[in-house]
Amino acid sequence: MDLRQLEYFVAVAEEQNFTRAAERVHISQSGVSAQIRQLERELGAELFDRSARTVTLTVAGKAALEHARSALAAAGAIGQVVGEVTGLIRGRLTVGMVIGCTLTPLFDALATFHQAHPGVEISLVEDSSDRLIEKVRASTIDLALIGAANATPDGLDALTLISERLVAAVPAGHPLAKQRRVALRDLVAHPIVCMPRGTGMRTVFDQACAAQSLQPTIALQASAADAIADLAARGLAVAILSDSMAARYRDRLTAHTIDDVDTPAVLALIWKSAHSPGIRELLAYCRQAFIKLDPT
């Protein structure tokens, strides 16, 4: 039994899927499966029930899970303590990023951190904000860039980077382009293109519509702002974007702030604990990289 096997075991238990676990630990699915089988042979018991689509823990697996987590935490603590004594930062940091978000300051921060601390292995994963929040709470991700509605998640530390209202963006010639003001009821008469569920902007939009018992037609969904703008520019649907996103496409889209959606879409960095010197250092680089963004 070794730490890698325990790491793979915990990953499969938390992801409930061998494929996602393999992506998380950066090896092939067959490699994860083989190591889990070897661990099960050494322990003399099956750890997972593989009979259904979702992988679940057996009784033996449930009994082993917390001990495996404790062993991994203890091993990590040894490296952390030695690193603090010697002034070196080593180990691994997993950073999450909401789908469709390509803020270059985050990439700048990761690059600068890597140059300063090459002994730290950095992993970057992309997912919905909802799942990223869950993973930060479960400590499977150290730091995440998420979108949220109005406020950052309870129980987690956060640094708000952007807080903006939603806008409706349409091409010239669209009926909404000539209106001076736009409300949600104006939008439901037209097909909508927006971010998928689990993103901050979509949450704000869905909640606002539900509050007025409105049922918009979400005709198209895309994870990237460029795709949403391109679809709207071709007259396929009304784009729902944040103010700063829409400003990038003012050459081909007219944007109106949605009058009756006051809740802002928030983009923020979140983390559970900054006890690790690696997380503290990366946060410092992120703050520096994002310093030009207006958090209000």
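Look above for the structure.
Model, not experiment: these values are computed from the prediction.

This part takes up the environment of Glu-40. Residue placement: Glu-40 occurs in helix H3 (residues 29-43). Taking the C-alpha atoms as reference points, Glu-40 and Gln-5, 35 residues apart in sequence, are found 9.9 Å from one another. Apart from residues lying up to four places away in sequence, Glu-40 is in contact with Ala-45, Glu-46, Leu-47, Phe-48 and Arg-50. Here the side chain of Glu-40 touches Arg-50 through a polar contact of 3.1 Å, side chain to side chain.

Right, let's get into the pattern of salt bridges. One pass over the structure, following the stated rule, counts 19 salt bridges. Glu-7 is paired through a salt bridge with Arg-92; the nearest N and O atoms lie 2.4 Å apart. Here Glu-7 is found in helix H1 (residues 3-15), whereas its partner Arg-92 is found in strand S3 (residues 91-98), with 85 residues between them in sequence. Taking the shortest distance from any N to any O, the salt bridge between Arg-202 and Asp-206 comes out at 3.0 Å. Separated by four residues within a single helix, Arg-202 and Asp-206 lie in helix H8 (residues 200-211), roughly one turn from each other. Accessibility expressed as a relative area gives 5% for Arg-202, which makes it buried.

In this structure, Leu-166, Leu-184, Leu-187, Phe-205, Ile-240, Leu-241 and Ile-258 are the most contacted members of the largest nonpolar core, which totals 37 residues. When residues of this core are traced back to their parent elements, those giving at least two are strand S7 (166-170), helix H7 (184-187), strand S8 (191-194), H8, helix H9 (225-233), strand S10 (238-242) and helix H10 (243-247). For Phe-205, the residues in contact, after removing those within four places along its chain, are Leu-166, Leu-184, Leu-187, Ile-192, Pro-216, Ile-218 and Ile-240.

Tracing the backbone shows Val-238 in strand S10. By relative accessible area, Val-238 is classed as buried at 0%. Separated by 162 residues in the primary sequence, Val-238 and Gly-76 have C-alpha atoms spaced 49 Å apart. Those residues in contact with Val-238, other than ones at most four positions away along the chain, are Ala-168, Ala-169, Val-170, His-174, Leu-176, Leu-187, His-190, Pro-191, Ile-192 and Val-193.

Here we come to the pairing of strand S12 (residues 265-271). With respect to burial, S12 is a largely interior element, seven of its seven residues being buried. What you see with S12 is no split at all: Ala-265, Leu-267, Leu-269 and Trp-271 on one side and Val-266, Ala-268 and Ile-270 on the other are buried throughout. By the bridge criterion, seven bridges tie strand S5 (residues 143-149) to S12 in an arrangement that is antiparallel. Its bridge partner being in S12, Leu-143 is matched across the sheet by Trp-271. Of the strand pairs in this sheet, strand S6 (residues 157-164) and S12 are connected by seven bridges, and their pairing is antiparallel. Each residue of the ladder has a partner; that of Ile-162, found in S12, is Leu-267.

Taking 1.5 Å per residue, 13 residues should reach 18 Å; helix H5 (residues 104-116) reaches 18 Å between its end C-alpha atoms and fits that length. Taken residue by residue, H5 has Pro-105, Leu-106, Ala-109, Leu-110 and Phe-113 as its buried positions. Seen end-on, H5 carries its buried residues on one side only, within an arc spanning 140°. Those residues of H5 that are buried are in contact with S3, strand S4 (120-127), S5 and helix H11 (277-289).

If you walk through the whole model with that rule in mind, you get three aromatic pairs. Taking 6.0 Å as the distance between ring centres and 70° as the angle between the ring planes, the aromatic pair formed by Phe-18 and Phe-48 counts as edge-to-face. On the criterion of sequence distance, the pair formed by Phe-18 in helix H2 (residues 18-25) and Phe-48 in strand S1 (residues 48-49) is long-range, its members being 30 residues apart. The buried category is assigned to Phe-48, whose relative accessible area is 1%. Ring plane angle 80° and centroid distance 6.1 Å describe the contact between Phe-113 and Tyr-285, whose orientation is recorded as edge-to-face. Highlighted residues: Phe-113 in helix H5 and Tyr-285 in helix H11, separated in sequence by 172 residues. By relative accessible area, Phe-113 is classed as buried at 0%.

Read from one edge to the other, the open sheet built from five strands follows the order S4-S3-S5-S12-S6, with strand pairing classed as mixed. Among the strands making up the open sheet, the edge pair consists of S4 and S6. Here the strands of the sheet are splayed against their neighbours by 25° on average, with no regard to which way each runs. Where S3 lies against S5, three bridges are found, and the strand directions are parallel. Across the sheet, residue Gly-96 finds its bridge partner in S5, namely Ala-144. Against the sheet, H11 engages S3, S5, S6 and S12, with an angle of about 40° to S3.

On to the side chain of His-174. With respect to the element layout, His-174 can be found in the loop between S7 and H7. The class of His-174 is buried, set by a relative accessible area of 14%. Among the polar contacts made by the side chain of His-174, one reaches the main-chain amide nitrogen of Leu-176 at a distance of 3.0 Å. The residues touching His-174, leaving out its near neighbours within four places in the chain, are His-190 and Val-238.

Conventions and cut-offs
- Residues numbered from 1 in each chain as written.
- Predicted model: local features only at pLDDT ≥ 70, side-chain atom pairs only at ≥ 80, totals over all residues.
- Heavy atoms only, no water.
- Helix = DSSP H or I, 4+ residues; strand = E, 2+ residues; numbered from the N terminus.
- Contact = heavy atoms within 4.5 Å.
- Polar contact = N/O pair within 3.5 Å; in protein donor to acceptor, adjacent residues only side chain to side chain.
- Salt bridge = Lys/Arg side-chain N within 4 Å of Asp/Glu carboxyl O.
- Buried < 20%, exposed > 50% of the residue type's maximum accessible area, 1.4 Å probe, protein only.
- Core = buried A, V, L, I, M, F, W, Y, C linked by side-chain atoms within 4.5 Å.
- Pairing = 2+ DSSP bridges.
- Expected span 1.5 Å × (residues − 1).
- Arc of directions from axis to C-beta.
- Phe/Tyr/Trp six-rings, centres within 6.5 Å; stacked < 30°, edge-to-face > 60°.
- Axes fitted to C-alpha atoms, helices over the stretch in contact; angles between N-to-C directions.

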